[in-house]
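What the coordinates show
These are the residues of each chain, in order.
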Amino acid sequence: MGSVEKRDSLQNRYFITTDAYEKIVLLNLLAESYLDDNPVKSLNYASQARSLAQSELDLNEKAKALYLMAASNYKQANYIIAYNFMVEANAIFKKTGDQLWYAKSCLELGKINER
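Residues numbered from 1 in each chain as written. Predicted model: local features only at pLDDT ≥ 70, side-chain atom pairs only at ≥ 80, totals over all residues. Heavy atoms only, no water.

In this section: the overall build of the protein. Broken down by element type, the protein carries six helices and zero strands. Tracing the protein from N to C terminus, the helices and strands come up as α-α-α-α-α-α. By the compact-globule yardstick of 13 Å for 115 residues, the protein fits well, its C-alpha radius of gyration being 14 Å. Each principal axis of the C-alpha distribution contributes one length, and for the protein these read about 40 × 30 × 20 Å. (Helix = DSSP H or I, 4+ residues; strand = E, 2+ residues; numbered from the N terminus. Rg over C-alpha atoms; globule rule 2.2 N^0.38 Å.)

Below is the structure:
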């Protein structure tokens, strides 16, 4: 499935579902899908995911949204903002024990620090 079809599918699922957790996951997937070619749109979806995850008390999905917000800001050369979001995501991943995402966020922090 191409990226346009994938995005359309994710958006359709987002509008159909009533499950808050699924909405958060879909928003993060949409943010990830736009990261390379439209970081502003990616940031918008990630921000929505973070807000919803925060209201649902879902720490791990909130951290993923923060990670994506950091990556979106990095692509827009907003390095200080990217660093702050990534530090927050990194701390949550460490707290929740999500080793894969913790490692990814450590790698990204190193990349941001090079700037």
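This structure, assessed with the given rule, holds five aromatic pairs. With centroids separated by 5.7 Å and ring planes inclined at 20 degrees, the aromatic side chains of Tyr-34 and Tyr-45 adopt a geometry described as stacked. Taken together, the positions of Tyr-34 in helix 2 (residues 20-34) and Tyr-45 in helix 3 (residues 39-55) put the pair eleven residues apart, joining distant regions of the chain. On the basis of relative accessibility, which here comes to 9%, the residue Tyr-34 falls in the buried class. (Phe/Tyr/Trp six-rings, centres within 6.5 Å; stacked < 30°, edge-to-face > 60°. Buried < 20%, exposed > 50% of the residue type's maximum accessible area, 1.4 Å probe, protein only.)

For the rest of this paragraph, the subject is the environment of Ser-42. As for its placement among the helices and strands, Ser-42 is situated in helix 3. Since its relative accessible area comes to 0%, Ser-42 is described here as buried. On a C-alpha basis, the gap between Ser-42 and Leu-68 in space is 7.6 Å, while along the polypeptide they are 26 residues apart. Excluding its chain neighbours within four sequence positions, the residues that come into contact with Ser-42 are Ala-31, Tyr-34, Leu-35 and Ser-72. (Contact = heavy atoms within 4.5 Å.)

Counted according to the given criterion, the structure contains five salt bridges. A salt bridge links Lys-111 to Glu-108, with the shortest nitrogen-to-oxygen separation between them at 3.2 Å. You can see Lys-111 and its partner Glu-108 sitting in helix 6 (residues 99-113), three residues apart, about one turn around the helix. Given a relative accessible area of 34%, Lys-111 falls into the partly exposed group. According to the relative accessible area criterion, Glu-108 is buried, its value standing at 16%. (Salt bridge = Lys/Arg side-chain N within 4 Å of Asp/Glu carboxyl O.)

Attention shifts here to the nonpolar core. Counting 32 residues, the largest nonpolar core has Tyr-45, Leu-66, Tyr-67, Leu-68, Met-69, Met-86 and Phe-93 as the members making the most contacts within it. Elements with a contribution of two residues or more to this core: helix 1 (3-16), helix 2, helix 3, helix 4 (59-75), helix 5 (79-96) and helix 6. With nine residues, the single largest contributor to this core is helix 4. Setting aside residues up to four positions removed in sequence, Phe-93 forms contacts with Asn-60, Ala-63, Lys-64, Tyr-67, Asp-98, Trp-101, Tyr-102 and Ser-105. (Core = buried A, V, L, I, M, F, W, Y, C linked by side-chain atoms within 4.5 Å.)

Moving on to the environment of Tyr-21. Counting through the fold element by element, Tyr-21 comes out in helix 2. The partly exposed category is assigned to Tyr-21, whose relative accessible area is 46%. Taking the C-alpha atoms as reference points, Tyr-21 and Glu-56, 35 residues apart in sequence, are found 7.8 Å from one another. Filtering out sequence-adjacent residues up to four positions away, Tyr-21 remains in contact with Asp-58 and Glu-61.

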